[in-house]
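In case you want the letters, here they are:
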Amino acid sequence: MTQPASPAQQGGSDAGPVLAPHQTSASTKPGTPKGAGQSKLFRPDVRTLSLVGVLAALIVVGGITKPDQFLAVTNLQLVLTQSSVIGVVTVGVTFVIIAGGIDLSVGAIVALASVWATTVATQEYGFVGILLTSLLVGLGCGLVNGVLIAYGGLVPFIATLAMLASARGLALQITDGQTQIVTVNSVLDLGQRDSYILGIPPLVLVFAAVVIVGWLVLNRTTFGRRSIAVGGNAEAARLAGIDVRRQRLYLYLLSGLCCGIAAFLLVVLAGSGQNTNGNLYELDAIAAAIIGGTLLIGGRGTIVGSVLGVLIFTTITNIFALNNLQSDVQQIAKGAIIVAAVLVQRRTARQ
Amino acid sequence: MSHTPSRRGLLFGTAAVSAGALLTACTSNEPSSKDDSKGDAAPAADETGKAVTIGFAGPQADHGWLNAINVQARQRAKKYKDVTLDITEGSNDTATQIGQIDTLINKKVDVLVILPADGKALTQAGLKAMRAGIPVVNLDRVFANPQAYRCYVGGDNYGMGLNAGHYIGEKLKDTKNAKVIELSGPDSLELTKQRSKGFDDALKNYTNIKKVARQAADFTVESGQQKMAQLLQAQKSFDALWNHDDDQGVGALRAVDQAGRDGFLMVGGAGARSAMDHIKADDAVLKATVLYPPTMAASAIDLARALGQGKGLAGLSESEIPTSLTLYSAVVDKTNIDQYMPSGFK
């Protein structure tokens, strides 16, 4: 997949700090990255800053409309907790999109992993049983996706669409339409207030860990550089000696693993498994990544941007709920804010 | 099993009693007498008669209540030696469901029971079956045209809201400036609007009560947890909550627990087993639930069989079955939980 230099890219700075030496012409961006990037831990770029601006503006809106409730510590904890599940999914999806792929099956994988992990049989093995099942089912689905795409030659859109359908079907079959209630206290306790560490919910800590690891992998490892290279120009990457197939397999495995982690977090949060879990996560995650500056055609994207995208979404929902807005208004406003955020981003990036 | 023999527990006479509600056993909202102790015997049961093939087309059972509908239909059909049930695979897609109904028409089933994913959208399919000479029992979500069905049987969404509102109203009538919040189902569904309307209408009878917030969830545990967590953040104190659906209620209760909140009364909806367990154990804020009985599927099979055999219903002095019957949404709380426990669905 070749990547045309889109107008938005002209002069755009990118958070991907360095280009791999072997990553040549085709994926090299016109705008030269300022500085080597390696020296600073986090080099703020215009896109990311504009997202921070959007988030800050939302916080001001929330603070003005509902000062007592919005700015309360409990609300901050709530917003972060509600960002955790979809946030972890988004980190995985961001990698896939950066590498020029797409994963439409994330919501279905979360559903399948969560209901499998909460079957009566799995609950018998307690905390470890639920955790391991979530992770293994997530990885297993990612493996199937990866093999089909990397070695089966299926288009990512089709392969993951097929996974979406079959994983949801399997989830429905496992539950028989019934909600599976978790009775393992060690799992339930993880979602309770007394488990907070220094006021931070454990779910948020897991989310933060996934973000940090994701950032390091993308920006500081060969794996990350290869992902960007494959997304920028797969053919050039292949000529440069990257095993593109294996790289793709790993990327879908990574996305599957993130779904597994998210499924476990969701089980902790909701205290149950239901086949409707993770409904429309694929769209939310892709939307967050796009808002965060990830190019849908691959080759560019940042973890920080995606996380900001998720936080913006959750904050909007939170402000709406605090102000008791109805769902129709919420949906319209959400759509408008997506468009606004991307427009602001483009404008600032062009300057 | 299924058959709620009588619906004592009639808490409020104002409840919407719709057409056909006089039918014994399966719908009566009056104490239909203690001698109605035939237990599981179906109303139209009597002796085995002419063999009837009943086609059943419903939406995808991706939800506890819908799953219970399928279970009820299958179990009831099994009770009759003279009934063969032909169930199509459930789908939430209108076009797919129309295709499935066409298939059943082509198979020349004797009677069709249709629970449409969307009543209005499936009207043409119902009409087609009726024109083909196959009587249709329209279950739960009503077709837009009465010509599209021979008999309607369903729940009372408006009455559900009304009864929930009255229950909460009675409990809070001595509380000054009482605050009530509502966690509704998806706003995209007609039934959600009816439930909310009934609830609001009931609350109008109590001038001391004000509904201060309403958020819509999606009938899922996940959405219930999420929306309830936000409602709890928004409302520092309130006296009662009506949650439209017990499945999303599992999530709502989880959010209440996580926030460590207490001191209010919660009323659920539908009648899931998990909700009934909490009511019986009295171990949560959930003190009652308003029924939306999945047993209506069993009633639909009874009616379809009677239609196929050209009979009326036992106990009803008519030689035909009624055109329409709407089930009563009883409020189940600690006082009558034992009576309703068996109909709680998982």
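Numbering of residues begins from 1 in every chain and follows the order in which that chain's sequence is written. Chains carry letters and ligands carry numbers; both start at the beginning, A for chains and 1 for ligands, and go up in the order they are written. Since the coordinates come from a predicted model, pLDDT governs what is reported: local features require at least 70, and pairs of side-chain atoms require 80 or more to be given and counted, while whole-chain, interface and lining totals use all residues. In computing side-chain properties, one takes all heavy atoms of the structure into account and sets aside hydrogens as well as water.

With respect to the overall build of chain A
The secondary structure listing takes helices from DSSP runs of H or I that are at least 4 residues long and strands from runs of E that are at least 2 residues long, numbered from the N terminus. On a plain count of helices and strands, chain A comes out with 15 helices and two strands. Burial status follows relative accessibility: with a 1.4 Å probe on protein chains alone, a residue under 20% of its type maximum counts as buried, one over 50% as exposed, and anything between as partly exposed. Expressed as a percentage of its 351 residues, the buried residues of chain A come to 56%. Across chain A, the fraction of contacts at a sequence separation of at least 24, relative to all contacts at a separation of at least 6, is 80%. Note that accessible areas follow from Shrake-Rupley with a 1.4 Å probe, and for residues the cover is restricted to the protein chains shown. Carbon and sulfur atoms form 69% of the exposed surface of chain A, whose accessible area is close to 14400 Å². Pairs of residues are marked as contacts when any of their non-hydrogen atoms sit within 4.5 Å.

Concerning the interface of chain A and chain B
Accessible area lost when the parts come together is the quantity often used to give the size of an interface. On the chain B side, the residues contacting the 39 residues of chain A number 32 residues. A combined buried area of about 2800 Å² lies between chain A and chain B, and 42% of that area is made up of carbon and sulfur atoms. Within this document, salt bridges are pairs made up of a side-chain nitrogen of Lys or Arg and a carboxyl oxygen of Asp or Glu, the two lying within 4 Å of each other. On inspection of chain A and its partner chain B, the count reaches zero salt bridges. Under the rule applied, a polar contact is a pair of N or O atoms within 3.5 Å (in protein, one hydrogen donor and one hydrogen acceptor; residues adjacent in sequence only if both atoms are side-chain atoms). Linking chain A with chain B are 25 residue pairs in polar contact (both at pLDDT 80 or more), by the criterion used here. For any pair of parts, buried area is found by adding up, for both, the accessible area (1.4 Å probe) each one loses once the two are put together.

As for the side chain of Thr-289 of chain B
Summarising the element assignment, Thr-289 of chain B is placed in strand E10 (residues 286-291). Among the polar contacts made by the side chain of Thr-289 of chain B, one reaches the main-chain amide nitrogen of Gly-269 of chain B at a distance of 3.1 Å.

Some words on the nonpolar core
Residues belong to a common nonpolar core when they are buried Ala, Val, Leu, Ile, Met, Phe, Trp, Tyr or Cys residues joined through side-chain atoms within 4.5 Å. If you look at the biggest cluster of nonpolar residues, it comprises 76 residues, and the most contacted ones within it are Val-88, Val-89, Val-110, Ile-130, Tyr-281 and Ile-303 of chain A. Ranked by residues supplied to this core, first place goes to helix H12 (residues 244-270) of chain A with 12 residues. When residues no more than four places from it in sequence are discounted, the contact partners of Ile-303 of chain A are Val-91, Thr-94, Phe-95, Val-211, Gly-214, Trp-215 and Leu-218 of chain A. If you look at the next biggest cluster of nonpolar residues, it comprises 53 residues, including Leu-66, Leu-172, Ala-178 and Ile-321 of chain B.

Points about the environment of Ser-255 of chain A
Residue and element names in this part refer to chain A. Mapped onto the elements of the fold, Ser-255 is located in helix H12. The buried category is assigned to Ser-255, whose relative accessible area is 1%. Once the C-alpha coordinates of Ser-255 and Ile-303 are considered, the two residues, 48 residues apart in sequence, prove to be 13 Å apart. In contact with Ser-255, other than residues within four places in its own chain, are Gly-92, Val-93, Val-96, Asp-103 and Val-106.

With respect to the sheet that holds strand E3 (residues 111-114) of chain B
Residue and element names in this part refer to chain B. The six strands are arranged E2-E1-E3-E4-E5-E11 in an open sheet whose pairing can be described as parallel. In this open sheet, the two edge strands, each paired with only one partner strand, are strand E2 (83-87) and strand E11 (324-326). The mean inter-strand angle of the sheet, taken between neighbouring strand axes irrespective of direction, is 20 degrees. If DSSP finds at least two bridges between two strands, the strands pair. Where strand E1 (residues 52-57) and E2 come together, five bridges link them in parallel fashion. Angles here are taken between N-to-C directions and fall from 0 to 180 degrees, while the axes themselves are lines fitted to C-alpha atoms, restricted in helices to the stretch in contact.

Some details on the sheet that holds strand E6 (residues 178-184) of chain B
Sheets are built from strands that pair by backbone hydrogen bonding, the pairs being arranged parallel or antiparallel. Residue and element names in this part refer to chain B. With mixed pairing, the six strands of this open sheet are ordered in space as E7-E6-E8-E9-E10-E12. Because the sheet does not close on itself, it has two edges, and the strands there are strand E7 (209-216) and strand E12 (331-333). Each neighbouring strand pair of the sheet contributes to a mean axis angle of 20 degrees, computed without reference to strand direction. The pairing of E10 with E12 spans three bridges and is classified as antiparallel. What sits directly across from Thr-289, in E12, is Val-332. Along the sheet, helix H7 (residues 246-258) contacts E6, strand E8 (240-243), strand E9 (265-270) and E10; its crossing angle with E9, the most-contacted strand, is approximately 150 degrees. Where helix H8 (residues 273-281) meets the sheet, its contacts fall on E10 and E12, and the angle it forms with E10 comes to roughly 140 degrees.

What about the packing of aromatic side chains?
All names here are of chain B. Only Phe, Tyr and Trp rings are paired, with Trp represented by its six-membered ring, and only when their centres lie within 6.5 Å; those with planes under 30 degrees apart are stacked, over 60 edge-to-face, the remainder tilted. Applying the stated criterion across every chain yields a total of seven aromatic pairs over all chains. For the pair Trp-65 and Tyr-292, a centre-to-centre distance of 5.4 Å together with 50 degrees between the ring planes defines the contact as tilted. Linking Trp-65 in helix H1 (residues 64-79) with Tyr-292 in the loop between E10 and helix H9 (296-309), this pair joins segments that are 227 residues apart in sequence. Relative to Tyr-149, the ring of Phe-143 lies with its centre 6.4 Å away and its plane at 40 degrees, an arrangement referred to as tilted. Tyr-149 shares its class with Phe-143; the two are buried. Every member of this aromatic cluster is reached through a ring pair, and the members are Phe-143, Tyr-149 and Tyr-152. The rule is short: NZ of Lys or CZ of Arg within 6 Å of the ring centre and within 35 degrees of the ring normal puts a charge over the ring. Taking the ring centre of Tyr-292 as reference, the NZ or CZ of Arg-195 above it sits at 5.0 Å.

Comments concerning the UniProt feature "domain: Periplasmic binding protein" (unreviewed entry) in chain B
UniProt feature "domain: Periplasmic binding protein" (unreviewed entry): in the numbering of this structure it lies at residues 54-311 of chain B. Between the end C-alpha atoms of residues 54-311 of chain B the distance is 15 Å, and the span holds 46% helix and 20% strand. UniProt positions are given in the numbering used here, feature names are shortened, and annotations may be inferred rather than shown by experiment.

Side note on the packing of helix H6 (residues 126-150) of chain A against H12 of chain A
Angle between the axes and distance between the axes: these two values describe a pair of packed helices. All names here are of chain A. Two elements in contact, H6 and H12, have axes whose closest approach is 7 Å; the angle formed by their N-to-C orientations is 150 degrees. Relative to H12, the element H6 lies roughly antiparallel. Considering only the axes of H6 and H12, their crossing is right-handed. Residues of the contact of H6 with H12, tallied by class, amount to 17 nonpolar, seven polar and two charged. Relative orientations are named as follows: roughly parallel for angles under 35 degrees, roughly antiparallel for angles over 145 degrees, roughly perpendicular for angles from 65 to 115 degrees, and oblique for any other angle. With the far helix as reference, a near helix turned anticlockwise by less than a right angle produces a left-handed crossing, and one turned clockwise produces a right-handed crossing. Following the grouping adopted for this structure description, the nonpolar residues are Ala, Val, Leu, Ile, Met, Phe, Trp, Tyr, Cys and Pro, the charged ones are Asp, Glu, Lys and Arg, and the polar ones are all others, Gly among them.

Focus on a nonpolar patch on the surface
Residues and elements named next belong to chain A. In this scheme, patches are assembled from residues that exceed 30% relative accessible area and form no salt bridge. Like charges are connected within 9 Å, while nonpolar side chains (Val, Leu, Ile, Met, Phe, Trp, Tyr) are connected within 5 Å. A cluster of nonpolar side chains, namely Val-144, Leu-148, Leu-154, Val-155, Phe-157, Ile-158 and Leu-161, defines an oily patch on the protein surface of about 560 Å² accessible area. Among the elements of the structure, H6 and helix H7 (156-175) are those that each provide at least two residues to the nonpolar patch. Assignment of secondary structure puts Leu-154 in the loop between H6 and H7.

Considering unusual backbone geometry
In this structure, Leu-280 of chain A is a non-glycine residue whose phi angle is positive, near 65 degrees. Mapping Leu-280 of chain A onto the fold places it in the loop between strand E2 (272-273) and helix H13 (281-291). Positive phi, normally seen in glycine, also occurs at Ala-270 of chain B, with a value near 105 degrees. Within the fold, Ala-270 of chain B resides in strand E9. What makes Ala-270 of chain B buried here is its relative accessible area of 5%.

Thoughts on the pattern of salt bridges
Residue and element names in this part refer to chain B. Using the criterion set out here, one finds 20 salt bridges over all chains in the structure. The partner of Arg-305 in a salt bridge is Asp-82, and the shortest N-O contact between them spans 2.9 Å. You can see Arg-305 sitting in helix H9 and its partner Asp-82 sitting in the loop between H1 and E2, a full 223 residues away along the chain. Take Asp-82: its relative accessible area is 5%, and that puts it in the buried class.

Quick word on the packing of helix H3 (residues 73-98) of chain A against H13 of chain A
Residue and element names in this part refer to chain A. Running from N to C, H3 and H13 cross one another at 65 degrees; their axes reach a closest spacing of 8 Å. Regarding the angle of H3 to H13, the classification is roughly perpendicular. The interaxial crossing formed by H3 with H13 has right-handed handedness. In this structure, H3 contributes Val-85, Ile-86, Val-89, Thr-90, Val-93, Thr-94 and Ile-97 to the contact, and H13 contributes Tyr-281, Asp-284, Ala-285, Ile-286, Ala-288 and Ala-289. Residues of the contact of H3 with H13, tallied by class, amount to 10 nonpolar, two polar and one charged.

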